[in-house]
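# Fold and contact review
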Amino acid sequence: MLDTLTLKNGRLTQTQTENYWRDGFLFPLPAINPKAASAARVELEEIENTRRTADLPHPLNTYKRVNAHVVMPMAARLARDPAVLDVIEGILGPDILIYSTEFFIKEPNTRQIVSMHQDLTYWGLGAIDGLVTAWIALSPATPASGCMDFVAASHKNAILEHEDSFDPDNLLSRGQEVKVNVAESDKTSIEIHPGQMSLHHGLTIHGSGPNTTDDRRIACVVRYIRPDMAQQVGGQDFAMPARGDDKFGNFTHVPAPTHAFAPEALALYDRIRNVQAQIMMKDAKGSTEIYA
């Protein structure tokens, strides 16, 4: 287990920022207090237990996996945590939007994996530097539990060709996998623990193996963008203001929810999901629950 990187007044040092741009990732970073991470896990699992049979328009897993910050106040709270944003500012600058938030969960002793891929492949945002993913651990992410593996400097490639598998054991929306051979020796295991986070560039090749432990592997995954980014495939896209100003207006602003699964938030969620599904699933030859 690596020691958490030491920030300077809660912010990235120049060396840490340079290492991010060199490698396309940075870890392990402090995100939230470990006790807060444990409390967030309890809150999430409480939602899972109480909402499992609730009369929601979609399965609860859909809301956890797609734009959770639109309907779940605790997801928006994690994504807008000031300590997290202080770190993100070192990559994106002072103006920050939240593009998406999801809970990525691997159940204990299961075969679920994430194939090696680049995040930006199907998002319609182009091969951009203005997006960074924060992967915040709510439970231990270790090689045994299926932590992420990153390929150093792979973000210096363009968007590479991917192939869709729609494998039921693949947690990605299309089961997408980059069509290059990734040697095991090229992978860096990103072990992080509750309260820690990793950052990675939208073009960094990464994936993860199965969870062979007796505990759930739970992460809150937030994609942050600069406001000057723009949707290139669809005519509209959405983002939640997090910090600073949006002088560009390229994204329809989404408010943070005040109550879990409130009717107005559910309606907005469906509007966003329908628009983004046309982008995310463009030319797909299969279907998926989260973007039906």
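Attention here is on the structure that accompanies the text. Every value quoted in this text rests on a predicted model; they were computed, and no experiment measured them.

Our focus in this paragraph is unusual backbone geometry. In this structure, the amide linkage connecting Phe27 to the following residue, Pro28, adopts the cis form with an omega of -15 degrees. Relative to the assigned elements, Pro28 resides in strand β1 (residues 25-30). Phi at Asn9 is positive, roughly 55 degrees, even though this residue is not glycine. Structurally, Asn9 can be placed in the segment before α1 (14-23). One non-glycine residue, Ala153, lies in the positive phi region at around 70 degrees. Within the fold, Ala153 resides in the loop between β5 (148-151) and β6 (162-163).

Those residues of α1 that fall on the buried side of the exposure criterion are Gln16, Thr17, Tyr20 and Asp23. Buried positions in α1, seen along its axis, are confined to an arc of 145 degrees and lie on one side of it. Looking at the packing, one finds that the buried side of α1 touches β1, α6 (82-92), β4 (131-137), β5 and β9 (196-201). Where α1 terminates, the next one or two residues include Gly24, which has phi positive at roughly 85 degrees.

Further remarks concern the sheet that holds β5. An order of β3-β10-β5-β8 is seen for the 4 strands of this open sheet, with the pairing classed as antiparallel. Strands at the two margins of the open sheet, each flanked by one partner only, are β3 (114-117) and β8 (187-189). The mean inter-strand angle of the sheet, taken between neighbouring strand axes irrespective of direction, is 25 degrees. In this structure, β5 lies alongside β8, joined through 3 bridges in antiparallel fashion. Counted as the bridge partner of Phe150 is Thr188 from β8.

Here we come to empty space enclosed by the protein. Leftover empty space is mapped by rolling, across the atoms, a probe with the size of a water molecule. Within this structure, the stated rule accounts for 2 cavities of 30 Å³ or more. Around the second largest cavity sit Asn67, His69, Val70, Tyr99, Phe238, Ala239, Met240, Val254, Ile272 and Gln276, which together line it. Among the elements of the structure, α4 (68-71), β12 (238-243) and α7 (263-280) are those that each provide at least two residues to the lining of the second largest cavity. Element by element, the count of residues in the lining of the second largest cavity is highest for β12, at 3 residues. Classifying every residue of the lining of the second largest cavity by side-chain character gives 7 nonpolar, 3 polar and no charged.

A word on helix α2 (residues 34-51). End to end, α2 covers 25 Å across 18 residues, agreeing with the expected 26 Å (1.5 Å per residue, within 8%). Along α2, the residues classified as buried are Ala37, Ala40, Arg41, Leu44, Ile47 and Glu48. Down the axis of α2, the buried set is contained in an arc of 120 degrees. They therefore lie on one face. Among the exposed residues of α2, those oriented more than 90 degrees off its buried face are Lys35, Val42, Asn49 and Thr50. Buried-residue contacts for α2 involve α3 (60-65), α5 (73-79), β2 (96-106), β4 and β11 (217-225). Backbone nitrogen of Lys35 and a side-chain oxygen of the N-cap are separated by 2.7 Å at the start of α2; the cap is Asn33.

Bringing the packing of aromatic side chains into the picture now. Here the structure, examined in full by the defined rule, presents 7 aromatic pairs. On the basis of an interplanar angle of 45 degrees and a centroid distance of 4.6 Å, the ring pair of Tyr63 and Tyr269 is categorised as tilted. Here Tyr63 is found in helix α3, whereas its partner Tyr269 is found in helix α7, with 206 residues between them in sequence. For the pair formed by Tyr63 and Tyr269, the shared burial category is buried. Aromatic rings pair up to connect Phe25, Phe27 and Phe150 into one cluster.

The sheet built from 7 strands is open, its strands ordered β1-β9-β4-β11-β2-β12-β13 with mixed pairing. The sheet is open, and its two borders are formed by β1 and β13 (252-253), each paired with just one other strand. Where β1 and β9 come together, 4 bridges link them in antiparallel fashion. Paired with Leu26 across the strands is Leu199, a residue of β9. Running over the sheet, α7 touches β2 and β12 and is turned about 110 degrees from β12.

Conventions we followed
- Residues numbered from 1 in each chain as written.
- Predicted model: local features only at pLDDT ≥ 70, side-chain atom pairs only at ≥ 80, totals over all residues.
- Heavy atoms only, no water.
- Helix = DSSP H or I, 4+ residues; strand = E, 2+ residues; numbered from the N terminus.
- Buried < 20%, exposed > 50% of the residue type's maximum accessible area, 1.4 Å probe, protein only.
- Arc of directions from axis to C-beta.
- Contact = heavy atoms within 4.5 Å.
- Pairing = 2+ DSSP bridges.
- Axes fitted to C-alpha atoms, helices over the stretch in contact; angles between N-to-C directions.
- 1 Å grid on protein atoms, 1.4 Å probe; cavity = no way out; pocket = protein on both sides within 12 Å on 5 of 7 lines; lining within 4 Å.
- Points joined across faces, edges and corners; volume = space filled by probe spheres on them.
- Nonpolar A, V, L, I, M, F, W, Y, C, P; charged D, E, K, R; others polar.
- Expected span 1.5 Å × (residues − 1).
- Polar contact = N/O pair within 3.5 Å; in protein donor to acceptor, adjacent residues only side chain to side chain.
- Phe/Tyr/Trp six-rings, centres within 6.5 Å; stacked < 30°, edge-to-face > 60°.

Function cannot be read off these values alone, since they describe shape.
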